[in-house]
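# Geometric and topological summary
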Amino acid sequence: MTRVPSRLERFDVVDSTQRIVAAWLASGTPEVAVAVADVQEQGRGRQGRSWTAPPGSGLLVSFGFTPDWLDPSHAWRLGAIVALAMLDAAEDEAGLRDGALGLKWPNDLVHERPQPVEGGHGDLLKLAGVLGESTLRGERLSTVVVGIGVNVDWAAAGFPAELATTMTSLREASGGRPVDRDALLDAALARLEARYESLRSGRFDSAAWSLRQRTTGREVEVAVGGATLRGIASGVDPETGALLVETAAGTQAIDSGEVVRCRVVG
Ligand code: BTN
């Protein structure tokens, strides 16, 4: 049984928990190494974007794995199990009903806005984002660091103007219920341990990952390289991790690694 966590450190201020965990793994710390910070000065998001959250508002955490047994084409599954573990933990700790939260492909955690508003995108509000960064040794995976930033105790009045129509927090989703960030992390770690053991034994919970996708059945706009593709998302492929989109030209399988942006538009 893999220890989850093998090492856990909490920091007040860091550059990025991703960098810290990557450095630990590089110097021999065993998996699953976990770094949590209250504030990140150089928080990293997907596609080279940054990730910021005011002090006290977020759970900013990175999980470091050394999965040399995992086929590199399945490295994305580590991001998926982190997202699923956090989603279940967040529903429990915020007192939300099962299924209240979902995923926006590939692994954003989302909550559906109760009342649609002008400028909202398909009314799925982003609650958390997941970033996976991996290294290879030859053709095998050496390290995978999965970071997740969860908006926890962040009131809507303080959301940045440019994100105010597309983001939310656990505090907003739960109608103001306080959520303890340490308890949320503990709950997520317990679920991650079980999901990681399953993955090690060759079982990926493709049903949960597919069923939780709120993108499915909705109109999406996906920016891939220089092109934008629009169609109805018909599901996800649990073998490749791709988003399946029905377009006039037929079914397109879109690889998350190539995607600059995926927006739900209807
Ligand atoms: C996204 O762009 O949606 C992914 C955001 C991931 C942010 C988390 S916060 C903890 C960890 N450390 C980082 O620098 N980034 C990830």
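Residue numbers restart at each chain and count upward from 1, following the sequence in its written direction. The predicted nature of this model means local features are confined to residues of pLDDT at least 70 and side-chain atom pairs, given and counted, to a pLDDT of 80 or more, with totals for whole chains, interfaces and linings taken over all residues. Side-chain calculation: all heavy atoms of the structure are included, whereas hydrogens and water are not.

## Some remarks on the overall build of the chain
Convention followed: Where helices and strands are cited, they refer to DSSP runs of H or I of at least four residues and of E of at least two residues respectively, numbered from the N terminus. Each radius of gyration is computed over the set of C-alpha atoms, and the globule rule expresses the reference value as 2.2 Å times the number of residues to the power 0.38. Only protein chains enter the accessibility calculation, which uses a 1.4 Å probe. A residue is then buried if its area is under 20% of the maximum for its type, exposed if over 50%, and partly exposed in between. Contacts are assigned to residue pairs with any non-hydrogen atoms lying within 4.5 Å of each other. Areas reported as accessible are Shrake-Rupley estimates using a 1.4 Å probe. Residue values count occlusion only from the protein chains shown. In this tally Asp and Glu are treated as negative and Lys and Arg as positive; neither His nor the chain ends contributes. To locate a charge, take atom NZ for lysine, CZ for arginine, CG for aspartate or CD for glutamate.
On a plain count of helices and strands, the chain comes out with five helices and 12 strands. For 266 residues, the compact-globule formula gives about 18 Å, and the C-alpha radius of gyration of the chain, at 18 Å, lands near that figure. Projecting the C-alpha coordinates of the chain onto the three principal axes gives extents of approximately 50 × 40 × 35 Å. A buried classification covers 51% of the 266 residues belonging to the chain. Considering only contacts within the chain whose residues lie at least 6 apart along the sequence, 65% involve residues at least 24 apart. By element, 48% of the accessible surface of the chain is carried by carbon and sulfur atoms, the whole surface being about 11800 Å². Once the 27 positive and 35 negative side-chain charges of the chain are each reduced to a mean point, those two points are 0 Å apart.

## Topic: the nonpolar core
What counts is decided by this rule: Among buried residues, the Ala, Val, Leu, Ile, Met, Phe, Trp, Tyr and Cys ones that are joined through side-chain atoms within 4.5 Å form a nonpolar core. Throughout, the edges of the domains are those of an automatic or database domain assignment.
Counting 65 residues, the largest nonpolar core has F63, I148 and L184 as the members making the most contacts within it. Examining the composition of this core, we find that 12 residues originate from one element, helix α2 (residues 76-93), more than from any other. Here this core gathers at least three residues from each of two domains, domain 1 (7-211) and domain 2 (219-264). Those residues in contact with F63, other than ones at most four positions away along the chain, are V21, V32, A33, V34, V82, V144, V145, V146, I148, L185, L189 and L192. Membership of the second largest hydrophobic core comes to nine residues, among which are W24, A35, A37 and V145.

## Examining the sheet that holds strand β7 (residues 140-151)
Quick reminder of the rule: Only strands joined by at least two bridges in the DSSP assignment are considered to pair. As a rule, the C-alpha atoms of each element are fitted with a line to give its axis, helices using only the stretch in contact, and angles between N-to-C directions run from 0 to 180 degrees.
Read from one edge to the other, the open sheet built from seven strands follows the order β1-β2-β3-β7-β6-β5-β4, with strand pairing classed as mixed. The open sheet has two edge strands, β1 (7-14) and β4 (101-104), and neither has a second partner. Shown here is a sheet whose adjacent strand axes are inclined to one another by a mean of 20 degrees, direction ignored. Across eight bridges, strand β3 (residues 58-65) lies against β7 in antiparallel orientation. The partner of F65 across the bridge, within β7, is V144. Its contacts with the sheet place helix α1 (residues 17-26) against β1, β2 (33-40), β3, β6 (124-137) and β7, and it is angled at close to 155 degrees to β2.

## A few points about the domain arrangement of the chain
What counts is decided by this rule: When two parts are put together, the accessible area they lose, computed with a 1.4 Å probe and summed over both, is reported as buried area. Put simply, a salt bridge is a Lys or Arg side-chain nitrogen that is within 4 Å of an Asp or Glu carboxyl oxygen.
Parsing the chain into structural domains produces domain 1 (7-211) and domain 2 (219-264). Taking only C-alpha atoms, the centre of domain 1 and the centre of domain 2 are 22 Å apart. Listed per partner, the contact involves 16 residues of domain 1 and 17 residues of domain 2. When domain 1 packs against domain 2, close to 1400 Å² is buried across both sides, 58% of that on carbon and sulfur atoms. One can count one salt bridge joining domain 1 with domain 2. Among the ionic pairs, E239 bridges to R77, the shortest N-O distance being 3.8 Å. Contributing elements (two or more residues each) for the side of domain 1 that touches domain 2: α2 and α5 (206-211).

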